[in-house]
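Letter by letter, the chains look like this.
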Protein chains: 2
Amino acid sequence: MSILVVGSVAFDDVTSPSGSVKNILGGAATYFALAASYFTKVRVVAVVGEDFGPEQEQTLHRHGIDTRGLERAKGKTFRWGGHYLDNLDQAKTDFTELNVFEQFQPRIPPEYLDSQFLFLGNIHPNLQVAVRLELDNVRLTGGDTMNYWIQRTPRELAETLRLVNVLLINDSEAKMLAGDKSLPRAARKVLAMGPQALVIKHGEYGATIFFREGAFGIGSHPFRAPALPIEEVKDPTGAGDSFAGGFIGYIASQGQLTREVLKRALFYGGVMGSFAVERFGTERLQSLGHEEIEARFKVFRELTHLE
Amino acid sequence: MSILVVGSVAFDDVTSPSGSVKNILGGAATYFALAASYFTKVRVVAVVGEDFGPEQEQTLHRHGIDTRGLERAKGKTFRWGGHYLDNLDQAKTDFTELNVFEQFQPRIPPEYLDSQFLFLGNIHPNLQVAVRLELDNVRLTGGDTMNYWIQRTPRELAETLRLVNVLLINDSEAKMLAGDKSLPRAARKVLAMGPQALVIKHGEYGATIFFREGAFGIGSHPFRAPALPIEEVKDPTGAGDSFAGGFIGYIASQGQLTREVLKRALFYGGVMGSFAVERFGTERLQSLGHEEIEARFKVFRELTHLE
């Protein structure tokens, strides 16, 4: 079943210990869409500028991604530059040029209105809410946010949290959102804000999914999927968005919303995140095969499975 | 089969967000011995001062721990004080009084010489080497070290690493020892220094065991055991030593040195570490039952197992 993703499409400059690249295709919606495209059809709602050409659009089309929701505005596409020289876990931002993204008002094409799966990328909570409320057939909404919105728009974000079924954030965002340094306690507090499930991403240590009592099945036991230890992380940009793409993509491909599907989805999230960081930008996500994805899923599974 | 552990016995003052305690029984050898005592017989080689009384010794005896190697020296027992107010992951040391530990020369009672399992706690590498070389029947040696020895006694530590079968350290120690910020690459470099297996402890994210090609079985795939998300960590002191006690204790209880045993041992390490932090000092480790340990093992296992 199709997933609608709303979020940023960007051009990135990235420097890491493995090298430096300029003007490569990036943005949360791009990483999400490419990762999810290996599991199901993806529809994108985003804005790009006049510098976004047929080459970039073809990259999306080659993966069957529906770009009818890709708005072209006057001006330049969102640009971001960052480096990971000291710390592969967290980017240092060199510059952010919002450009056409600054005035982004998501417009959902009529053909997208029957979407049953929705991913609200990291944009202003008011825009996330507006998109969600426009869709009447959604069975599962995943959402992302960041420290910026947690600190500056807490009331607006509270509304997003009431509409999101699964929130995907990282450790520090979860702790900040809950105002609690204990991760499991923070998880419980975030779940009380609305979501039925909360995925907390731990970078190279994998991710944990916490459930509200009875959501998607019985009980409230958390579940953890590991990340594969990758010897050379070339570019961590987009790892979290690729994780989300693998996670929601797998769920949409299964149709059933059970604990077991969500647990497997957590593994597929880790799989897609681990591929994303192996090359700069979306290069690795553009060139995957289903056999590779299944092989890595098996490696991840064996990484923690006792006989 | 019996494990011989050599290391520190101490009195600790600890402050955490959950409260404050003074003069409680601590030290790496104590945590290790108590954790391992749930799996097998443990023999301790350590030094204490005149302030170490029958009460403390009875705590060890109640767990069947052999204290014939506990030397009593003139003066006071090693004392350490620390707090975890800002960060539960890492202690801030308030004071360290080495006292009788400063002149510690491990003496192995003749009754201990047939020990088949050995754990070299975090002491001067020269002492670790001396203990290992005195024992002729050892089938598996586990070892610990810390940043202090990595930086100050690299040549002496290199000799320890050649004699240790399984090294247990944390992320930052592994990276420092290898001089490499990539954890899997650091693991490979550390394994090239001698150990057949390397356990890297990730705190609340669990631990990963890396194998040298062919050691303890076929291949070199790493394996990861999760840690249980604990809502309230009261006192992280001794978590790593308790992990080591559960890990080596389980291995010694099985007799066979196979991959599968080492993988299960990694889970039991996490189980014992997770119990240790639930109360101040060794309180929780003193009051466990086998049913609780097995129940938590099951929870850990289900935390990452797909159907």
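What comes next is a walk through the structure. (Residues numbered from 1 in each chain as written. Chains lettered and ligands numbered in written order. Predicted model: local features only at pLDDT ≥ 70, side-chain atom pairs only at ≥ 80, totals over all residues. Heavy atoms only, no water.)

## Comments concerning the overall build of chain A
The secondary structure content of chain A amounts to eleven helices and 13 strands. The C-alpha radius of gyration computed for chain A amounts to 18 Å, which stays within 12% of the reference 19 Å derived for 307 residues, consistent with globular compactness. With the C-alpha coordinates of chain A rotated into their principal frame, the extents come out at 50 × 45 × 35 Å. Looking at chain A as a whole, 62% of its 307 residues are labelled buried. Total accessible area on chain A is roughly 12300 Å²; 48% of this is exposed by carbon and sulfur atoms. Across chain A, the mean location of the 33 positive side-chain charges is 5 Å away from that of the 37 negative side-chain charges. (Helix = DSSP H or I, 4+ residues; strand = E, 2+ residues; numbered from the N terminus. Rg over C-alpha atoms; globule rule 2.2 N^0.38 Å. Buried < 20%, exposed > 50% of the residue type's maximum accessible area, 1.4 Å probe, protein only. Areas by Shrake-Rupley, 256 points an atom, 1.4 Å probe, with all protein chains shown as cover. Lys, Arg positive; Asp, Glu negative; His and termini not counted. Charge placed at Lys NZ, Arg CZ, Asp CG, Glu CD.)

## Focus on the pattern of salt bridges
This structure, assessed with the given rule, holds 30 salt bridges over all chains. One salt bridge in this structure joins A:Asp51 and A:Arg79, with 2.9 Å as the shortest N-O distance. Note that A:Asp51 is positioned in the loop between strand 4 (42-48) and helix 2 (54-61) and A:Arg79 in strand 6 (residues 78-83), a separation of 28 residues in sequence. Accessibility expressed as a relative area gives 14% for A:Arg79, which makes it buried. Between B:Arg162 and B:Glu159 there is a salt bridge, and its shortest N-O distance comes to 2.9 Å. Remark: B:Glu159 and B:Arg162 occur in helix 5 (residues 154-163); sequence separation between them is three residues, near one turn of the helix. Owing to a relative accessible area of 31%, B:Glu159 belongs among the partly exposed residues under this scheme. Shared partners join several salt bridges into a network, and the residues in it are A:Glu278, A:Arg284, A:Glu292 and A:Arg296. (Salt bridge = Lys/Arg side-chain N within 4 Å of Asp/Glu carboxyl O.)

## Some points on the sheet that holds strand 2 (residues 10-16) of chain B
Residues and elements named next belong to chain B. Within the open sheet, the four strands sit side by side as 3-2-6-7. Their pairing is mixed. The open sheet is flanked by strand 3 (19-26) and strand 7 (92-97), the only strands paired with a single partner. Here the average twist between neighbouring strands, direction ignored, is 15°. Where strand 6 (residues 78-83) lies against strand 7, five bridges are found, and the strand directions are antiparallel. The partner of Gly82 across the bridge, within strand 7, is Thr93. (Pairing = 2+ DSSP bridges. Axes fitted to C-alpha atoms, helices over the stretch in contact; angles between N-to-C directions.)

## Things to note about the packing of aromatic side chains
All told, the structure shown has 27 aromatic pairs over all chains when counted by the stated rule. Considering the side-chain rings of A:Phe101 and A:Phe104, the 5.6 Å spacing of their centres and the 20° angle between planes classify their relative orientation as stacked. Across the pair, A:Phe104 and A:Phe101 agree in class, each one buried. Here B:Phe211 and B:Phe216 contribute two aromatic rings whose centre-to-centre distance is 6.4 Å and whose plane-to-plane angle is 65°, an arrangement assigned as edge-to-face. (Phe/Tyr/Trp six-rings, centres within 6.5 Å; stacked < 30°, edge-to-face > 60°.)

## Describing the relation of the copies chain A and chain B
With an RMSD of 0.0 Å, chain A superimposes on chain B once it is rotated by 180° and translated 0.0 Å along the axis. Such a combination of turn and shift is consistent with a two-fold rotation axis. Here 100% of the contact residues of chain A are again contact residues in chain B; the copies associate through an equivalent surface. (Least-squares fit on C-alpha atoms with pLDDT ≥ 70 in both. Contact = heavy atoms within 4.5 Å.)

## So, the pairing of strand 12 (residues 207-211) of chain A
All names here are of chain A. The buried fraction of strand 12 amounts to five of the five residues, a majority that puts the element mostly inside the structure. Neither face of strand 12 is exposed, since Ala207, Ile209 and Phe211 on one face and Thr208 and Phe210 on the opposite face are all buried. When strand 12 meets strand 13 (residues 223-225), the two strands line up antiparallel, connected through three bridges. By the bridge assignment for strand 13, Ile209 is matched with Phe223.

## A word on the interface of chain A and chain B
The interface of chain A with chain B comprises 34 residues on the first partner and 36 residues on the second. Surface buried jointly by chain A and chain B totals about 3300 Å² across both partners, of which 51% is contributed by carbon and sulfur atoms. For the pair chain A and chain B, the number of links is twelve residue pairs in polar contact (both at pLDDT 80 or more). Breaking the side of chain A that touches chain B down by element, the ones donating at least two residues are helix 6 (171-178), helix 7 (183-191), strand 13, helix 9 (259-276) and helix 11 (290-304) of chain A. (Buried area = accessible area lost by both parts, 1.4 Å probe. Polar contact = N/O pair within 3.5 Å; in protein donor to acceptor, adjacent residues only side chain to side chain.)

## Details of the sheet that holds strand 4 (residues 42-48) of chain B
Residues and elements named next belong to chain B. Reading across from one edge, 5-4-1-8-9-10-11-12-13 is the order of the nine strands in this open sheet, with mixed pairing throughout. Only two strands of the sheet have a single neighbouring strand rather than two, namely strand 5 (66-72) and strand 13 (223-225). Going from strand to strand, the sheet's axes swing by 15° on average, the running direction of each strand aside. Note: strand 1 (residues 3-6) against strand 4, four bridges, orientation parallel. Of the residues in strand 4, the one forming a bridge with Ile3 is Val42. Against the sheet, helix 1 (residues 28-36) engages strand 1, strand 4 and strand 8 (117-120), with an angle of about 160° to strand 1.

## Focus: the environment of A:Leu98
Residues and elements named next belong to chain A. Following the sequence through the fold, Leu98 ends up in the loop between strand 7 (92-97) and strand 8 (117-120). For Leu98, a relative accessible area of 34% gives the class partly exposed. Sequence separation of Leu98 and Thr282 is 184 residues, and the distance between their C-alpha atoms is 20 Å.

## A few points about helix 2 (residues 54-61) of chain B
Residues and elements named next belong to chain B. Among the residues of helix 2, Gln56, Glu57, Thr59 and Leu60 are the ones counted as buried. An end-on view of helix 2 places all buried positions within 150° of arc, on one side of the element. Away from its buried face, by an angle of more than 90 degrees, helix 2 presents the exposed residues Pro54 and Glu55. Contacts from the buried residues of helix 2 go to strand 2, strand 3, helix 1, strand 5 and helix 10 (283-286). (Arc of directions from axis to C-beta.)

## A closer look at the side chain of A:Asp13
Along the polypeptide, A:Asp13 turns up in strand 2 (residues 10-16). Not counting the four nearest positions on each side in its chain, A:Asp13 is found in contact with A:Val21, A:Lys22, A:Asn23, A:Trp80, A:Gly81, A:Gly82 and A:Phe95.

## Quick notes on unusual backbone geometry
Residue and element names in this part refer to chain B. If you check the backbone angles, Asn23 has positive phi at about 55° while not being a glycine. Relative to the assigned elements, Asn23 resides in strand 3. Of the residues examined, Asn23 reaches a relative accessible area of 43% and is grouped as partly exposed. Phi at Phe216 is positive, roughly 60°, even though this residue is not glycine. Examined against the element boundaries, Phe216 turns out to sit in the loop between strand 12 (207-211) and strand 13. Judged by its relative accessible area of 17%, Phe216 falls in the buried class.

All we've got here are geometric facts, nothing functional implied.
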